[in-house]
Amino acid sequence: MRQLFKTIMRYRLSSGLTLLSLVVAFLGIIVLTLYVSYERSFDGFHKNKNDIYLMSFKYDIGSSLPVPMEELIRHEVPEIERSVVMREWWDNEFYRTDQAPRDAIRNKAIHASADFFTMFDFPLITGDVQTVLSVPNSVVLSETMAQNIFGTADVVGKQLLASGSELTVSGVMKDMPKNTSFNCEAIVPLVIQENQDWSEWSFSIFFQLKKGADKAEVEKKIAGIERVTGILTQIAESFSPKAAAVDLMPLSKIHYGSRGYMFAFINKTVLNLLSVLILVLLVMGAVNFINFSTSQAPLRAKSLSVQQILGGTKWSARLQIIGEAVILSLTALSISFIIHSLIFQRLENLFQITGLSFEGRELFYAGFVLFAVIFGVIAAFYPSRYITSPPISQAVKGKMFFSGKGKKFRSVLITIQFVFAIALISASLTFEKQLQFWNNFDIGIDKENVLYLQTSNMLRKSHQAFADELIKNIEITNYCYTQSLPGQVGMGWGRIVDGKQIQMQAWPIDDRFIDFFGIKITEGRAFRQGEADMNNFILNEKAVQKFGWEKPLEKKFGGLGAMGEVVGVAKNFNFESLKGEITPMVFWRTDDLKFNILIKTRGGNFTQIRKYVEDTAKRFDPDGTFEARFLDEALELQYSRETRIARFIEFVALWSILLALTGLLGLIIFISRDRIKEIGIRKINGASVIEIIRMLNKNVLVWVSIAFLIATPIAYYAMQKWLENFAYKTTLSWWIFALAGLLALGIAQLAVSWLSWKAATKNPVEALRYE
């Protein structure tokens, strides 16, 4: 009776460990599948998605183009059905005309031309798709934004203020889906004027081709337009002939590598890695299932042989094993669904991602159920053949002989799990090393102890008095005004310089900016304080190089209607994300765009300094809402997506290690029990506890060592490909992979040693009686 009870408990332990392993695997698969499918669904809801393209050139200037290019191409290429020009309008403060600025809500908005709602499928609740963006100084609001501002969605004809500009609501659209690359709450008409300037390259142009039009043929026709041909020639001379090509980027690909700064995107390599991780978890779950099932082969074979003696067949026994596996798989899936419903919102908040919900994707439930059934059938196929392989006569007597191939196969499966675990640990360490490299990189400006504050219209009107008041505080040592913060420069200019088309970034700044950041001037001088250098320019070294100017200080330069002198050349520094190379930059001295004030402090009590800055701003603009922030925080936001994805992958890596440990611990438990008699005999013959532990642990060392040799080149190649996406990157140090192997070995050895110690310290008399 006692032996029967032990047998039952042993079988329950096997089923329990198998169920736990499947729950861990299925939960990870559900989370990753939902997230990856969400990211891959971007912009797929537009009915004309296969005919919509973003106009760009192949060389890396982005998809930022001048407005007149849209009209020129549309008139010359008959295959184009309609076109849309748009640009981001940054974050704006929206409030009713009867409200104060302090009541404003900040939302992302875009400027778009009249055909936006006829090209893209964003349904309007009120308003005509043909005319809703045809009236200047109007705005289309999302349903949620209309409710937040007016308390109702019936707002057509009402007025509101957007950063001081008065707009009339011409329509209300349903909230944009989360899986759109545009992701805005308000759309303002983009007014296209005749003879518009070709110099400002900061607009995105979309073309919708007629049904049946050939993309490659359209690209050839665009490239054949005289003005475009001239631009391509200049690109070829400045870069390379391969780069000089028109590239119509399909709408479906914008999310995975858009050259436009205004679109939400994800790195395609990262998305592919996450897709591979789904397969990794699937394989690891199957490995654990097979290992647990085959480790219980003697117990199952005896009971199934009895059934065959009573009239059952070998096939019925195999079908029973497969049926049990399907039931176990469905049970694990049900538990995973319950756990997912409890934690998915916490995961979204933790990693600041979306797409982990089943909402609107209920068919995924049916898909996962079908997957669980198929998984159970396939995963149980090998164990069902292995368990029923011994002759009935041997199985009934309990004297089964299983092929050594089965044990070797289990060892191979465990090794595969550690290959995945070590590769993922290596990836996680590389992600962390790259993020630390970015955060600690010297970008070439003095950014320590710097605060910034977004200014209001009222503050901009009193900008000098406000700054004079701030500088009275002994903890504040300097200030400057600028349109954009470092890392957020969004103004793009295109100029024909000495016959070459050059794209560059333009940074409107005041006369204190250069000295404030300690930017080195390699030729000429910084801007003089006062208005002496108004509308003059300083170029960075990259711009001078691209222009081909040997004597830049003798040149004049134009910007937005102003012609000024080049008074200096600044040493190159990283004014944008370190993900890209340094590009040509023009510093434009102007007093018209003081959207941010930067404040340098002595580095004392930041809480008091921030309060002083905010209180001083409130004195100049009592109705405004102000928050002083650290510049370091704004710079780190450039890598926020990479940081979130890195944390997510680290989480999956830990999850895979848990899965591998579940399988390893279960296997060691069964190995210990299978060798319990051997352990007892060895102890009676004088073996120490350390010798027993070493005997049980040596296989783990072999498995992890082989896994390390396989995982290291795989992880190295994958991380090398990921790092190729960035201009400034860390090195793949040898210690990353060594540490990954040691961590995997250490975790495995600690867990196994505990179980081995328990087995080694048992009374040998009980071990022999058990057998």
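See the structure shown above.
Below is a short write-up of the structure. (Residues numbered from 1 in each chain as written. Predicted model: local features only at pLDDT ≥ 70, side-chain atom pairs only at ≥ 80, totals over all residues. Heavy atoms only, no water.)

Per the secondary structure count, the protein includes 23 helices and 21 strands. Split into buried and exposed, the 771 residues of the protein put 52% on the buried side. (Helix = DSSP H or I, 4+ residues; strand = E, 2+ residues; numbered from the N terminus. Buried < 20%, exposed > 50% of the residue type's maximum accessible area, 1.4 Å probe, protein only.)

So, on to the pairing of strand β6 (residues 159-162). Judged from the four bridges that link them, β6 and strand β7 (residues 165-173) form a sheet pairing that is antiparallel. Within β7, the position partnered with Leu161 by the bridge is Glu166. The hairpin turn running from β6 into β7, its antiparallel successor, is two residues long, and Ser163 in that turn takes a positive phi close to 50°. (Pairing = 2+ DSSP bridges.)

Mapped onto the secondary structure, Leu319 falls in helix α9 (residues 314-351). For Leu319, a relative accessible area of 56% translates into the label exposed. A sequence separation of 62 residues divides Leu319 from Phe381, and the C-alpha atoms of the two residues are 9.0 Å apart.

Working definition: two side chains of opposite charge can pair if their charged atoms are close together. A full pass over the atoms with the stated rule returns 23 salt bridges. For Asp591, the salt bridge identified is with Arg589, shortest N-O distance 3.0 Å. Asp591 sits in the partly exposed class, given a relative accessible area of 26%. Under the relative-accessibility criterion, Arg589 is labelled buried at 2%. As a salt-bridge pair, Lys721 and Glu724 come within 3.5 Å of each other at their nearest N and O atoms. Residue Lys721 is classed as partly exposed on the basis of its relative accessible area of 38%. (Salt bridge = Lys/Arg side-chain N within 4 Å of Asp/Glu carboxyl O.)

Under the definition given, this model contains 46 aromatic pairs. Between Phe122 and Phe182 the ring centres are 6.1 Å apart and the planes differ by 85°, which places this aromatic pair in the edge-to-face class. In this pair, Phe122 sits in the loop between α3 (116-119) and β4 (124-126) while Phe182 sits in the loop between β7 and β8 (186-189), placing the two residues 60 residues apart along the sequence. Neither Phe122 nor Phe182 differs from the other in exposure class; each is buried. Taken together, a centroid distance of 5.8 Å and an interplanar angle of 25° make the contact between Trp507 and Phe587 stacked. Of this pair, Trp507 sits in strand β14 (residues 500-509) while Phe587 sits in strand β19 (residues 585-589), and the two are 80 residues apart along the sequence. The residues Trp507 and Phe587 share a single accessibility class, namely buried. Each residue in the set Phe45, Phe116, Phe117, Phe120, Phe122, Phe182 and Phe206 is aromatic and connected to the rest through ring pairs, giving one cluster. Here the basic side chain of Lys268 rests over the ring of Tyr256, its NZ or CZ set 5.3 Å away from the ring centre. The cationic tip of Arg512 hangs over the ring face of Tyr479; the distance from NZ or CZ to the ring centre is 3.9 Å. (Phe/Tyr/Trp six-rings, centres within 6.5 Å; stacked < 30°, edge-to-face > 60°. Lys NZ or Arg CZ within 6 Å of the ring centre and 35° of its normal.)

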